[in-house]
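# Architecture at a glance
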Amino acid sequence: MQSAQPQVQLRGMRQGYNLAFGLTATLGLLLGLLGWWLGPVQFSGELGLWLLLLAAVLAGLVIWLTGRTLRSQLNQSRTPHEQRTALLGAGLGLATAPAIPWLLGCAVVSHLPLALSFAASAGVFYGLGWWLLGRWQAAASDKILEVLQSGSSPEAGEQND
């Protein structure tokens, strides 16, 4: 994330995104399997569909709030370092969106069709997050160039900080 090159910054954002989601996904799967082994969760199929809808709404809310927070931080930041920190934070925070349906799917792993529906939903939100990171980084890259060219920051002129 210390590089001024957009491709390197995007790679750093996506690494943070992958690690944050991967850790959550692994722990969720282990806890889900442990719960299934100890005694599967019992509930109706209708409740499962409501949980799936709730997961989608919460994941969408996380995406919206992460984007809003990132825009606010980028507008308030005055140095490229602050902007890169905001981008990394957005990558880590955005990993929560696919984690919501994934963790709910892990909780209902004994109901395979429903668990697969949650996993598919998590995959959709993961892909959306991956795509959004590229869009957000590109928009932030333009802002970083403005700051560097204005010469108003102590880091202005340092292209590879």
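This is a predicted model, so every value here is computed, not measured. (Residues numbered from 1 in each chain as written. Predicted model: local features only at pLDDT ≥ 70, side-chain atom pairs only at ≥ 80, totals over all residues. Heavy atoms only, no water.)

## Some words on the overall build of the protein
Put simply, the rule reads: In this description a helix means any DSSP run of H or I spanning at least four residues, a strand means any run of E spanning at least two, and both kinds are numbered starting from the N terminus. Categorising residues by exposure relies on relative accessible area from a 1.4 Å probe, with only protein chains included: less than 20% of the type maximum marks a residue as buried, more than 50% marks it as exposed, and the intermediate range marks it as partly exposed. In short, Shrake-Rupley with a 1.4 Å probe defines the accessible areas, and a residue's cover is counted only from the protein chains shown.
Of regular secondary structure, the protein possesses five helices and zero strands. Secondary structure elements of the protein, listed N to C terminal, follow the sequence α-α-α-α-α. Buried positions account for 38% of the 161 residues belonging to the protein. A total of about 8900 Å² of accessible surface is found on the protein, and carbon and sulfur atoms cover 67% of it.

## Description of the environment of W130
Selection rule: Residues are treated as being in contact if the distance between any of their heavy atoms lies within 4.5 Å.
Note that W130 resides in helix α5 (residues 112-150). Taking the C-alpha atoms as reference points, W130 and N18, separated by 112 residues in sequence, lie 9.1 Å from one another. Residues contacting W130, with those up to four places away along its chain left out, are R14, Y17 and N18.

## Looking at the side chain of R14
Rule in force here: Pairing of N or O atoms within 3.5 Å defines a polar contact, subject to two protein rules: one partner must be a possible hydrogen donor and the other a possible acceptor, and residues neighboring in sequence count only if both atoms are side-chain atoms.
Counting through the fold element by element, R14 comes out in helix α1 (residues 6-38). R14 sits in the buried class, given a relative accessible area of 18%. In this structure the side chain of R14 is engaged in a polar contact, spanning 3.0 Å, whose partner is the backbone oxygen of W130. Not counting residues up to four positions away in its chain, the partners in contact with R14 are W130, L133 and G134.

## Points about helix α2 (residues 45-76)
Put simply, the test is: Take the residue count of a helix, subtract one, and multiply by 1.5 Å to get its expected span.
Relative to the 46 Å expected for 32 residues at 1.5 Å per residue, α2 spans 47 Å between its end C-alpha atoms, a close match to the ideal helical length. Looking at α2, one finds that the buried residues are G48, A55, A59, V62, I63, T66, G67, L70 and L74.

Spatial relationships are all this shows, so hold off on functional conclusions.
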